[in-house]
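# Observations on the three-dimensional arrangement
Residue strings, one per chain:
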Amino acid sequence: MKKNSIDNRIDYSLILPVFLLLIIGVVAIYVSVHHDYPNKLGIVMVQQAAWLVLGVVISFVVMLFPTKFLWRITPILYLFGLCLMVMPLIFYSPSLYASTGAKNWVTINNMTLFQPSEFMKLSYILMLARALVVFQQKKEDEGLSADFRLLGLMSLITAPVLFLLFLQKDLGTALVFMAIFAGLVLVSGVSWKIILSVLGLAVTAVTVFLVIFLMPNGKEFLNDIGMDTYQINRISAWLNPFEYADTVTFQQAQGLIAIGSGGLLGKGFNQIELAIPVRESDMIFTVIAENFGFLGSSVVLGLYLLLIYRMVRVTFESNNRFYTYISTGFIMMILFHIFENIGAAVGILPLTGIPLPFISQGGSAMISNLIGVGLVLSMAYQNNLAEEKQMQSQLRRSWR
């Protein structure tokens, strides 16, 4: 009989792709900073290493959280997350706000500390998961009326988050929360009549927006009704990346050229020829494509696919609805990050400033993503623990 221990309850097949992605991230950040900020290379690499260690430690602690404890602290984490999201509206960098158009980072005494919305994503997932379980336990009737009440409850939890993101002018992060919301709606049992109707309205709204945007005076009209100039520029850069390659679309145009120049096998380690703004963060995929080509980029996508597959497997193996919803929310969050970041880098989506999970430089997103992995590992840990208890119970009965 296999000896029961913490080691036997850890899902290493889930940890492996994360570990490899972290290694790739460190290499890509080194290349990027070595070329763009060589005088800051040591500081950046030490900071990144510190964030990785901190994230891994917290992830391991979260993995050991008992289910009841996680359930009890969820409302506290949600309220705490909302309080943190108020901070960037008060403590922000005017220069950073001028360059990005968003107040989403906490900056005190010219020191940029963290991005609260990254941690709010996990608190939001936990709160939605808890609300879904409570609602389904108390649901007394079936049909569309119950579905609308559930959507109302989920919207009530979502509204304060989106309102604070609106004040921060952080559209990219708001889209992540909407992706999480959509993913949990899909698995919550809401009628497809409602889902398809909302999807139809969303497609219509996007179509109307693009038609207005492409009209001769469409950009001016959108700016007049409140759309920020930097958001208009990002959409323009997405639609015509080479039309204004010397100004607003410089980042996208350079990124596309860098990706294409990598070819099949890439130029080799630490070979960078083009200048790309914030290459170490939002455009980190261009570093991988330029250095390691299509083959290296495919390896990264393969590792993400393996990670998603393992998380889905763990989710299917769980009999706990609370964990199932948590895992679903985190999977949607990671999927959206991957799709948006790489999609923007290759030109099929507009840039939104969303980092590439486990690879982009930065502390808030890195630690948040690793904590999310810890939550999924906790589900696998509890699954294995439940199996051990069941086996022990069967063994005791067989000796009677």
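The following refers to the structure shown. (Residues numbered from 1 in each chain as written. Predicted model: local features only at pLDDT ≥ 70, side-chain atom pairs only at ≥ 80, totals over all residues. Heavy atoms only, no water.)

### So, the nonpolar core
Within the largest apolar cluster, 91 residues are counted, with the highest numbers of intra-cluster contacts made by Tyr124, Val161, Ile326, Phe330 and Phe358. Excluding anything up to four places from it in sequence, Phe358 contacts Val18, Leu21, Leu22, Gly25, Tyr304, Leu307, Ile334, Met366, Asn369, Leu370 and Val373. (Core = buried A, V, L, I, M, F, W, Y, C linked by side-chain atoms within 4.5 Å. Buried < 20%, exposed > 50% of the residue type's maximum accessible area, 1.4 Å probe, protein only. Contact = heavy atoms within 4.5 Å.)

### Examining the environment of Glu273
Relative to the helices and strands, Glu273 resides in the loop between helix H12 (250-261) and helix H13 (284-317). Within the structure, the side chain of Glu273 is placed 3.3 Å from the side chain of Lys267, a separation counted as a polar contact. (Helix = DSSP H or I, 4+ residues; strand = E, 2+ residues; numbered from the N terminus. Polar contact = N/O pair within 3.5 Å; in protein donor to acceptor, adjacent residues only side chain to side chain.)

### Some words on the packing of aromatic side chains
Evaluation of the coordinates by the stated rule reveals eight aromatic pairs. When the ring of Tyr30 is compared with that of Phe269, the centres are 6.2 Å apart and the planes differ by 10°; the resulting orientation is stacked. One end of the pair, Tyr30, is in helix H2 (residues 12-36); the other, Phe269, is in the loop between H12 and H13, with 239 residues separating them in the sequence. Centroid distance Phe65 to Phe69: 5.0 Å. Interplanar angle 75°. Geometry classified as edge-to-face. On the basis of relative accessible area, Phe69 is assigned to the partly exposed category, the value being 31%. An aromatic cluster is built from Trp71, Phe322 and Tyr323, whose rings are joined through pairwise contacts. The aromatic ring of Tyr97 is capped on one face by Lys103, whose charged end is 5.0 Å from the ring centroid. (Phe/Tyr/Trp six-rings, centres within 6.5 Å; stacked < 30°, edge-to-face > 60°. Lys NZ or Arg CZ within 6 Å of the ring centre and 35° of its normal.)

### Quick notes on the side chain of Ser318
Within the element layout of this structure, Ser318 appears in the loop between H13 and helix H14 (321-345). Aside from chain neighbours lying at most four places away, what touches Ser318 is Tyr323, Thr324, Met379 and Asn383.

Fair warning: the whole summary comes from geometry, so function is off the table for now.
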